[in-house]
Amino acid sequence: MNDAPNTKIAVNTVLVSGPLGSTNTGPATATPGGGPAGAARPSVLSLAIKEKAALYAAYMPYLKHGGIFVPTNKPYQIGDQVYLILTLLDDPTKIPVAGKVVWIGPSGGSKTQGIGVHFPADESGQIARKRIEDSLGSALKSLRPTHTI
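Just so you know, these numbers come straight off a predicted model, no measurement behind them.

A. Inspection of the environment of isoleucine 127 at higher detail. Structurally, isoleucine 127 can be placed in helix α2 (residues 123-136). Residue classification places isoleucine 127 among the partly exposed positions, given a relative accessible area of 40%. Sequence spacing of isoleucine 127 and valine 97 is 30 residues, and the spatial spacing of their C-alpha atoms is 8.8 Å.

B. Broad picture of the pairing of strand β8 (residues 94-104). Pairing between strand β7 (residues 81-88) and β8: 7 bridges, direction antiparallel. Paired with isoleucine 85 across the two strands is proline 96, which belongs to β8. Taken together, the 4 bridges between β8 and strand β9 (residues 114-118) define a ladder with antiparallel strand orientation. Bridging from a neighbouring strand, tryptophan 103 pairs with glycine 116 of β9.

C. Quick peek at the side chain of threonine 87. Here threonine 87 is to be found in strand β7. Contact partners of threonine 87, with chain neighbours within four places excluded, come to Leu47, Ala48, Ile49, Pro92, Thr93 and Lys94.

D. Geometry of the nonpolar core. Counting 26 residues, the largest nonpolar core has Ile68, Leu84, Leu86 and Phe119 as the members making the most contacts within it. Among the secondary structure elements, those contributing two or more residues to this core are β5 (43-49), α1 (52-58), β6 (67-71), β7, β8, β9 and α2.

E. Broad picture of α2. Look at α2: 20 Å from first C-alpha to last across 14 residues, which is about the 20 Å you get at 1.5 Å a residue. Restricting attention to buried positions, one finds in α2 the residues Gly125, Ala128, Ile132 and Leu136. Here the buried residues of α2 occupy an arc of 65° about the axis, which is enough to place them on one side. Counted as exposed and oriented over 90 degrees from the buried face of α2: Glu123, Gln126 and Asp134. Residues of α2 that are buried make contact with α1, β6, β7 and β8. Just beyond α2, the residue with positive phi is glycine 137, at close to 55°.

F. Summary view of unusual backbone geometry. Non-glycine residue leucine 89 carries a positive phi angle of around 50°. Topologically, leucine 89 is positioned in the loop between β7 and β8. Leucine 89 gets classed as buried once you look at its relative accessible area, which sits at 19%.

G. Focus on the pairing of β6. Counting buried positions along β6 yields 4 of 5 residues, so the element is predominantly enclosed. Note that β6 and β9 share 5 bridges and pair antiparallel. Bridged to glycine 67 within β9 is histidine 118.

Rules of the game
- Residues numbered from 1 in each chain as written.
- Predicted model: local features only at pLDDT ≥ 70, side-chain atom pairs only at ≥ 80, totals over all residues.
- Heavy atoms only, no water.
- Helix = DSSP H or I, 4+ residues; strand = E, 2+ residues; numbered from the N terminus.
- Buried < 20%, exposed > 50% of the residue type's maximum accessible area, 1.4 Å probe, protein only.
- Pairing = 2+ DSSP bridges.
- Contact = heavy atoms within 4.5 Å.
- Core = buried A, V, L, I, M, F, W, Y, C linked by side-chain atoms within 4.5 Å.
- Expected span 1.5 Å × (residues − 1).
- Arc of directions from axis to C-beta.

Next up, the structure:
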């Protein structure tokens with residue numbers, strides 16, 4: 001049984017085929033170890049979390065710079081680079097952050113399949129972590145199950 005809350009998270013994958021910012025909006029595919037098929041560039045994931053419970057379930061505060069769970073059935077490998085565009089709760093501001101896959105959720109079973117993305121030590125990672133932690137407030141101390149624990 002999945003103890004993580006049933007929450008709303010929207011994810012959109014975009015295949016980056018040229019310099020970051022020029023995208024192919026066709027179906028994205030990923031290959032293990034190399035990110036999107038035929039490209040050495042990171043895949044771009046747009047993650048919109050609309051509820052505080054979903055943010056709590058996705059946030060990974062135990063990582064050195066923080067991180068977030070991204071539900072996906074695309075194959076990734078530990079160490080793959082991904083570029084996230086986060087939208088949190090009711091704030092329309094998009095938070096761009098490049099990160100690295102550090103956890104891969106199992107396919108099948110009771111947990112949601114996906115990847116754990118570690119935020120970088122740079123300013124974008126610090127902004128993402130601060131925005132998430134400010135949004136969660138005292139909920140960070142909760143012992144409720146998450147997507148990764």
